[in-house]
Each structure stands twice: as structure tokens, then as C-alpha cells.
Amino acid sequence: MFDAIAGRYDLLNDLLSMGQVRLWRRTVARITGARPGERVLDLAAGTGTSSLTFTATGADCVACDFSLGMLQAGKSRLDASQYGTGPGRLSFVAGDALRLPFRDGAFDAVTISFGLRNVADPAAGLAEMRRVTRPGGRLVVCEFSAITIAPADMLYRRYLLHVLPAIARRAARNPEAYEYLAESIVDWPAQRELAGLIETAGWSAVRWRNLSLGAVAVHVGRRA
């Protein structure tokens with residue numbers, strides 16, 4: 001499914017989020033606080049667009065995704081110099097979030113943006129992310145969540161279930177993928193429930209910050 005939408009993935013993200021995805025991406029980078037010389041794992045990185053926010057700070061970033069189509073689209077852009085990586089190094093690695101191909105404690109920070117919903121077992125995925133993070137390292141999860149104002153949340157859910165699929169049918173070559181996207185967002189746990197799931201996976205100092213009234217939430221944690 002993700003291979004089929006790789007070519008227009010970033011364009012449609014901009015369109016369907018009305019440009020908000022760029023703000024969310026910058027916020028994740030700021031919260032992650034990657035520094036020169038650090039190693040960041042950007043999981044479910046897709047084409048690696050989010051990974052560039054980390055290499056821009058001087059950190060080395062591994063863009064990891066299970067979709068070869070997404071990774072190939074990102075690497076093709078990099079090879080064609082359609083975007084620069086910044087002072088840090090960017091590499092693309094295919095991998096399953098439930099069995100990451102990295103040693104224990106390999107990264108200073110692990111991030112996953114809008115991908116935890118797509119992991120078959122999110123709790124096991126969070127535990128695997130902890131395994132590859134060094135002691136004292138940090139986790140940043142950016143994911144769709146629940147708007148905290150009830151009338152606005154009702155309108156938002158109508159948008160997800162009716163408007164977003166209609167736009168996708170006109171703009172996307174594989175609109176079924178975006179119907180799945182809408183359904184997965186509606187079914188995803190709200191902020192506090194996700195925080196509990198992260199804590200159960202072994203992360204400490206878990207907290208979150210709402211973006212766009214809570215349509216998106218950024219959860220953070222530490223490996224003690």
C-alpha cells in the first residue's frame with residue numbers, strides 16, 4: 001500500500017494537512033533537540049523528508065521504513081540533489097519496527113512520526129525502540145490524537161471520514177490508502193492512553209504536547 005503512494009506522498013501530506021505537516025515536522029525536530037555528533041533513528045521515515053530536520057542540526061540520521069518504495073523515492077531525490085542533507089549524514093535502511101536491524105543502545109534519540117498506528121503491535125514496537133536507544137536517550141512520538149474541544153473534534157472526525165477520502169479520490173493514485181488513514185486515526189488512542197502505553201513499554205518521564213488543538217500530539221520519553 002505504501003509503495004503505491006510513495007511518488008506523491010509528500011505532496012499529498014501537504015495538501016491533506018493544509019500545510020500543517022511542515023509545522024508539525026519542525027516542532028518534532030525542536031523537541032528532539034538533536035545535536036551535532038548524535039545519532040538519530042527516524043522510524044517510519046517514508047521518503048526521509050522528516051529526517052532532513054535532524055541532519056540540518058549536524059546529527060547523523062538513519063531513515064528507516066518497511067516500505068522499499070518509500071525509501072527508494074527518498075534516495076532517488078537525494079541522489080538527484082533535490083534536497084540537501086545538511087552537515088549531518090543521512091542514510092536509508094529498510095527495517096521492521098518489531099525487529100529493528102540495529103544493536104542495543106545504538107541511538108541517542110528515536111523518533112516516529114505518524115507511523116506508530118501502522119505497527120502491528122505498537123507496545124512491542126515501543127519496547128524495540130527502547131532497546132536500540134542508549135541509556136538516557138530519548139523517544140519522540142508524533143501521532144494523530146484527539147482534539148480537546150468537543151465541537152471541533154466532531155468537525156475534525158467528519159473531515160477525516162468524509163472530506164479527506166473525497167480529496168484523495170481526486171488527487172491520489174491509490175485513494176484506498178487514505179481511506180485506511182482516516183479509519184486508523186479515528187481508532188487510535190487519545191493522548192493519556194498512548195502515554196500509558198509508552199510507560200508500559202519501559203519509557204520514563206513520559207509527557208505530551210498538543211499541536212493543532214490536539215489533532216496531533218507529540219509524546220516524549222526517556223530511557224532510564
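This one's a predicted model, so the numbers in the text were calculated from it and none came from an experiment.

1. Focus on the overall build of the chain
Part 1: Helices and strands together make up the secondary structure of the chain, namely eight helices and seven strands.
Part 2: Looking at the chain residue by residue over its 224 residues, the buried ones come to 54%.
Part 3: Summarising the internal contacts of the chain: among those between residues at least 6 apart in sequence, 70% fall at separations of at least 24.
Part 4: By element, 55% of the accessible surface of the chain is carried by carbon and sulfur atoms, the whole surface being about 10,400 Å².

2. Looking at the packing of aromatic side chains
Part 1: In this structure the tally under the stated criterion is four aromatic pairs.
Part 2: Here W24 and F114 contribute two aromatic rings whose centre-to-centre distance is 5.6 Å and whose plane-to-plane angle is 50 degrees, an arrangement assigned as tilted. Taken together, the residues W24 in helix 2 (residues 20–32) and F114 in the loop between strand 4 (107–113) and helix 5 (122–131) connect sequence positions 90 residues apart. Both residues of the pair, W24 and F114, belong to the buried class.
Part 3: With a centroid separation of 6.2 Å and an interplanar angle of 90 degrees, the aromatic rings of W24 and F144 are classed as edge-to-face. Placement of W24 in helix 2 and of F144 in strand 5 (residues 133–144) is noted, with a sequence separation of 120 residues between them.
Part 4: Classification of W24 by relative accessible area gives buried; the value is 7%.

3. Observations concerning the sheet that holds strand 3 (residues 90–94)
Part 1: Taken together, the seven strands give an open sheet; going across it, the order is 3-2-1-4-5-7-6, and neighbouring strands pair in mixed fashion. Each having just a single partner strand, strand 3 and strand 6 (204–211) make up the two edges of the open sheet. Here the strands of the sheet are splayed against their neighbours by 20 degrees on average, with no regard to which way each runs.
Part 2: In the sheet, strand 2 (residues 60–65) pairs with strand 3 via five bridges, with the strands oriented parallel. Bridge pairing in strand 3 links A63 to F92.
Part 3: The strands that helix 2 touches are strand 4, strand 5, strand 6 and strand 7 (216–222); relative to strand 5, the one it contacts most, it runs at about 160 degrees.
Part 4: Against the sheet, helix 8 (residues 191–200) touches strand 5, strand 6 and strand 7, its axis set at about 155 degrees to strand 6.

4. Re the pairing of strand 6
Part 1: As judged from the six bridges shared by strand 6 and strand 7, these two strands associate in the antiparallel manner. Its bridge partner lying in strand 7, R209 is registered against V218.
Part 2: Counted between consecutive antiparallel strands, the loop separating strand 6 from strand 7 contains four residues, among which S212 sits at a positive phi close to 50 degrees.

5. Describing helix 8
Part 1: If you check which residues of helix 8 are buried, you get Q191, L194, A195 and I198. Each buried residue of helix 8 sits inside an arc of 105 degrees when the element is viewed along its axis, so together they form one side. Seen from the open side of helix 8, the exposed residues pointing more than 90 degrees away from its buried face are R192, E193 and T200.
Part 2: Each element contacted by the buried residues of helix 8 is listed here: helix 5, strand 5, strand 6 and strand 7.
Part 3: In the stretch just after helix 8, G202 is the one whose phi turns positive, near 105 degrees.

6. Comments concerning the pattern of salt bridges
Part 1: With the rule as written, the count across this model stands at eight salt bridges.
Part 2: The shortest N-O distance in the salt bridge between D104 and R131 comes to 2.6 Å. In this pair, D104 is assigned in the loop between strand 3 and strand 4 and R131 in helix 5, connecting sequence segments 27 residues apart.
Part 3: Here D104 falls in the exposed class, since its relative accessible area comes to 52%.
Part 4: Owing to a relative accessible area of 23%, R131 belongs among the partly exposed residues under this scheme.
Part 5: Across the salt bridge formed by R134 and D108, the nearest N and O atoms sit 2.6 Å from each other. One end of the pair, R134, is in strand 5; the other, D108, is in strand 4, and 26 residues separate them in sequence.
Part 6: Residue class for R134 comes out partly exposed when judged on its relative accessible area of 26%.

What counts, and where the lines are drawn
- Residues numbered from 1 in each chain as written.
- Predicted model: local features only at pLDDT ≥ 70, side-chain atom pairs only at ≥ 80, totals over all residues.
- Heavy atoms only, no water.
- Helix = DSSP H or I, 4+ residues; strand = E, 2+ residues; numbered from the N terminus.
- Buried < 20%, exposed > 50% of the residue type's maximum accessible area, 1.4 Å probe, protein only.
- Contact = heavy atoms within 4.5 Å.
- Areas by Shrake-Rupley, 256 points an atom, 1.4 Å probe, with all protein chains shown as cover.
- Phe/Tyr/Trp six-rings, centres within 6.5 Å; stacked < 30°, edge-to-face > 60°.
- Pairing = 2+ DSSP bridges.
- Axes fitted to C-alpha atoms, helices over the stretch in contact; angles between N-to-C directions.
- Arc of directions from axis to C-beta.
- Salt bridge = Lys/Arg side-chain N within 4 Å of Asp/Glu carboxyl O.

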